[in-house]
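A look at the structure
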Amino acid sequence: MSRTIRTLASDDVETLVDWAAAEGWNPGLGDAVAFHAADPEGFIGAFVNGEMVAGISAVAYGDDFGFIGLYICRPERRGEGHGKAVWDAGMARLGNRTIGLDGVVEQQANYRSMGFAPVYRTIRFVGSPNVPAAADSDICAIGPELVPHVLDYDARFFPAPRRSFLEHWLRPPHMALALVKDGAIEGYGVARRCRDGCKIGPLFSDRLDAASRLFAALASASESGNIHLDVPETSGDFAARLSSVGLQPGFETARMYKGKVPQLMQSGVFAITTLELG
C-alpha cells in the first residue's frame, strides 16, 4: 500500500464535508467554500492509489491559534493508519500554536492523551422553535458597511482574527444579522441552510436578552424545518430559553485546547460558529 499525504484542493474539501454529512454532523450546504477560504493550506488528506481515504482540517488563524476538525477516515479503511497519518500531519502543520478542537464524548480520552484539556461542554440543540415573527428595529442585516465593525466585535469571542473566513460567512445565501443600539453592535448571528433545516452559528452577544432577540429573528426568518445550534454550557440560561420554545438537547462535545487557553468573553458565546473550524 502506497499512501500519499497532501494538501486538499477545494473539490477535495467538498468531499470531506460530504463525509461529515454522512457521519451525521449536518454541515451547511455551502460550508466547504467558506472553510477553504479560512486557510486554503489547512486541509490535509491521505490518498491511496489516487483515492482519498482520510482527511482533516488544521486551520491556522494567524501565528498563535489553530483549530482541528473534519477528522474523518472512510469506514472501510479504518484500522490501516490513515487517520493517524493525517492527524500527525495536521498537528505538525499547526506547530506550537494553541490548538482547539470540539471532541465527541467517545474520543475525549484519546485527545486528553495527546495533550488536549477540556474547557467546557457544548450541547447540540435541535427543533422547530415556537417563536412568532416580530419586528425588531434594533436588528439589521449585516451589509458591507457593517462588516468591519462585526470583525472587531467578533474578536471578543473568538481566539484570533478570521477576516478571510467571515468575509465569506457573512455573505448571502447565509443570513447574517446584527443587533445595533445607539450605533454600537451588541450582538450578531448567522443562519445557514444545512442538510437538515438551518443551523445558527455563531451567535455572539453582550447579553442574554440580546442573544434571545437575535435567535428569534434568525429562526423566524429561516425556512420551515429544524433549527440547530451548538450551545456552550457557559451561556447561562440560554439553554433553558431554547427548551422553552421547543428545542431539545442532543449530542454533546467538549471544547478542548492544547496549549494556553484563550481568554475570551465566553459568557457571550451563545452558539459556536462550527464544530469543524471553531
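To start, this report covers the structure provided alongside it. Bear in mind that the values here come from a model prediction, so they are computed numbers and not experimental data. (Residues numbered from 1 in each chain as written. Predicted model: local features only at pLDDT ≥ 70, side-chain atom pairs only at ≥ 80, totals over all residues. Heavy atoms only, no water.)

Moving on, we get to helix α5 (residues 147–154). Since the α-helix advances by 3.6 residues per turn, residues separated by three or four positions end up pointing in the same direction. Listed as buried for α5 are Val147, Val150, Leu151, Tyr153 and Asp154. When α5 is viewed along its axis, its buried side chains cluster within an angular range of 165° and face the same direction. The inward-facing, buried residues of α5 abut α6 (163–169), β9 (184–193) and β10 (198–205). (Buried < 20%, exposed > 50% of the residue type's maximum accessible area, 1.4 Å probe, protein only. Helix = DSSP H or I, 4+ residues; strand = E, 2+ residues; numbered from the N terminus. Arc of directions from axis to C-beta. Contact = heavy atoms within 4.5 Å.)

With that out of the way, let us pick up the pattern of salt bridges. Under the criterion given, the structure shown has 21 salt bridges. In this structure, the salt-bridge partner of Arg195 is Asp18, at a minimum N-O distance of 2.7 Å. Of this pair, Arg195 sits in the loop between β9 and β10 while Asp18 sits in helix α1 (residues 10–22); the two residues are 177 residues apart in sequence, bridging distant segments of the chain. A relative accessible area of 40% means that Asp18 is categorised as partly exposed. Linking Asp136 and Arg213 is a salt bridge whose minimum nitrogen-to-oxygen distance equals 2.8 Å. Taken together, the residues span a long stretch of sequence, with Asp136 in the loop between β6 (117–127) and β7 (139–141) and Arg213 in helix α7 (residues 208–221) at a distance of 77 residues. Given a relative accessible area of 24%, Asp136 falls into the partly exposed group. (Salt bridge = Lys/Arg side-chain N within 4 Å of Asp/Glu carboxyl O.)

Tallied over the full model, the rule gives 16 aromatic pairs. Taking 6.3 Å as the distance between ring centres and 15° as the angle between the ring planes, the aromatic pair formed by Phe35 and Trp169 counts as stacked. Placement of the pair is Phe35 in helix α2 (residues 31–38) and Trp169 in helix α6, with a sequence separation of 134 residues. When its relative accessible area of 0% is taken as the criterion, Trp169 is described as buried. Between Tyr71 and Trp87, the aromatic rings sit 5.3 Å apart at their centres with planes inclined by 45°, giving tilted as the arrangement. With Tyr71 in strand β4 (residues 65–73) and Trp87 in helix α3 (residues 82–94), this pair connects stretches of sequence that are 16 residues apart. Here Tyr71 falls in the partly exposed class, since its relative accessible area comes to 28%. Judged by its relative accessible area of 5%, Trp87 falls in the buried class. Put simply, the rings of Tyr61, Phe65, Phe158 and Tyr257 touch in pairs and so form one group of aromatic residues. The ring of Phe47 has Arg6 sitting right over it, with the charged end atom 3.9 Å from the ring centre. (Phe/Tyr/Trp six-rings, centres within 6.5 Å; stacked < 30°, edge-to-face > 60°. Lys NZ or Arg CZ within 6 Å of the ring centre and 35° of its normal.)

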